[in-house]
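# Observations on the model geometry
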Amino acid sequence: MNRPTLEVADIVRTVGNSFWEKYGSRLAWPHRKVLDAIVRCRTTALGGHLDQCVRCGHQAISYNSCRNRHCPRCQGNARARWLAARSSELLPVPYFHIVFTLPHEFSALILQNKRLLYDLLFRASAASLLELARDPQHLGADIGFLGVLHTWGQNLQHHPHVHYIVPAGGLAPDGSRWIDSSRRFFLPVKALSKIFRDKFCDQLRELFQQDRLQFHNSLEQLASPGSFSHLLWQLGRKDWVVYAKPPFGGAENVLNYLARYTHRVAISNHRLVACENHRVSFRWRDYAHGGKNKVMTVPAEEFLRRFLIHVLPKGLVRIRHFGLFANRRRAASLQRCRSLLGMQPCVGRAATAASQPPCPLCSGPMMVVERITAQQLRYALIPIRQPAYALDSS
């Protein structure tokens, strides 16, 4: 894929100062940290390293990445390493993709309580899947699955939802056999929606009773028990959106699909079209009108505001494993599943396979031969035998 001509970093450099003057009082320090990291990413400010091709001897400078999980330029290597680790955990069965979405009425409350309510979204949706799968009237099995939190829609507005990748089946309660689900149908989404809604509202009510929720500015009226109960009553009457996509089969298909959902940020640089006259244009898909591809133009400061809505609290894990694949039981569960499915143990891809880009001249492997500090790059204290270029390296 060609390098994009416009990047989020360019927008931050253009309007970052005016944006901070306008919105700085309403933003937390992690937002400023993200903006600073994006601007410094793969520049001389972070130093770099001298790479040399082991085949032809070609040398080039690569600048270091910021490694911030919200930076559009830093996710390629992290995604490759994560997928390499997951490749050995895939089972030889079809996989389903299930999405749980929260009603938009919760948006403002979530933005003021990100850590608590994103965690609650995970817990309520995962518990719903586990409970319905164990029901003998449905699958009657213990299942395992992986979840990825996304907080954005295509237009960069707040749209919290969780993507789950679930094998088509599970272990019998006594662990004696593997139970296959239908290859066309996993669990009824209407039943999942109702269980999810009830669990989320019940646990949200507990958080309110424990006085753990924050209510600021326009939400201050919700701090009263009557108003909060009325909100839950209203949302309890709605059908919450749970969507199950058609299954896909094969380990490679699953990995490729996961690559589209893990380690993503609110918008990639390749979706940016233009930044002119303090206005930003970007491509988006309008799912409300048949998934048509469109171009949206917004003020640059509004673009950055929407982008920063999706900055997650420090330490919040956005990729989680549940059920059979929970961290504490994953190894034993996978071994049992492979045994029952007659699957030979597989070896994951080498996690370092994508750590260095190939040589641009002969496609040979590049090796790091020298680490370079920001000061050396700034004052040209080392000889640069080839033109410097920035790559997806860290």
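The sections below set out a description of the structure shown in this document. (Residues numbered from 1 in each chain as written. Predicted model: local features only at pLDDT ≥ 70, side-chain atom pairs only at ≥ 80, totals over all residues. Heavy atoms only, no water.)

As a further point, take the sheet that holds strand β13 (residues 366–372). Reading across the sheet, the three strands line up as β2-β1-β13 and stay open at both edges, with antiparallel pairing between neighbours. On the outer flanks of this sheet lie β2 (59–63) and β13, each paired with one strand and no other. Neighbour-to-neighbour, the strand axes of this sheet turn through a mean angle of 30°, independent of strand direction. Sheet analysis places strand β1 (residues 48–53) next to β13, joined by six bridges and oriented antiparallel. (Pairing = 2+ DSSP bridges. Helix = DSSP H or I, 4+ residues; strand = E, 2+ residues; numbered from the N terminus. Axes fitted to C-alpha atoms, helices over the stretch in contact; angles between N-to-C directions.)

With that settled, consider the pairing of strand β4 (residues 144–152). Among the nine residues that make up β4, nine are buried, leaving the element largely enclosed by the rest of the structure. Pairing of β4 with strand β12 (residues 319–323), which is carried by five bridges, proceeds in the antiparallel orientation. By the bridge assignment for β12, Phe 145 is matched with Phe 322. Strand direction decides the pairing type here: β4 and strand β5 (residues 158–167), joined by six bridges, are antiparallel. Within β5, the residue paired with Gly 147 across the bridge is Tyr 164. Hairpin remark: β4 followed by β5, antiparallel, with five residues in the connecting loop; positive phi at Leu 156, about 75°. (Buried < 20%, exposed > 50% of the residue type's maximum accessible area, 1.4 Å probe, protein only.)

Take the environment of Gly 315 next. Tracing the backbone through its elements, the reader meets Gly 315 in the loop between α9 (300–309) and β12. Along the backbone, Gly 315 and Arg 115 are 200 residues apart, and their C-alpha atoms lie at a distance of 9.2 Å. Residue contacts for Gly 315: discarding those within four places in its chain leaves Arg 69 and Arg 115. (Contact = heavy atoms within 4.5 Å.)

We now examine the pattern of salt bridges. Here the structure, examined in full by the defined rule, presents 17 salt bridges. Residues Arg 320 and Asp 119 are paired through a salt bridge, measuring 2.7 Å at the closest nitrogen-oxygen approach. One end of the pair, Arg 320, is in strand β12; the other, Asp 119, is in helix α5 (residues 114–134), with 201 residues separating them in the sequence. According to the relative accessible area criterion, Arg 320 is buried, its value standing at 16%. The salt bridge involving Arg 134 is made with Asp 142; its shortest N-O contact spans 3.0 Å. With a relative accessible area of 19%, Asp 142 lands in the buried category. Counted as one network, the salt bridges with shared partners bring together Arg 86, Glu 89 and Arg 330. (Salt bridge = Lys/Arg side-chain N within 4 Å of Asp/Glu carboxyl O.)

Along its 16 residues, helix α1 (residues 8–23) runs just 18 Å from first to last C-alpha, ending more than 12% under the 22 Å computed at 1.5 Å per residue. Of all the bends in α1, the greatest measures close to 65° and is centred on Val 15. Among all positions in α1, only Val 8, Ala 9, Ile 11, Val 12, Val 15, Gly 16, Phe 19 and Tyr 23 are buried. The inward-facing, buried residues of α1 abut α2 (29–40), β9 (272–276), β10 (279–286) and α9. (Expected span 1.5 Å × (residues − 1). Bend = angle between axes of the 7 residues up to and from the residue.)

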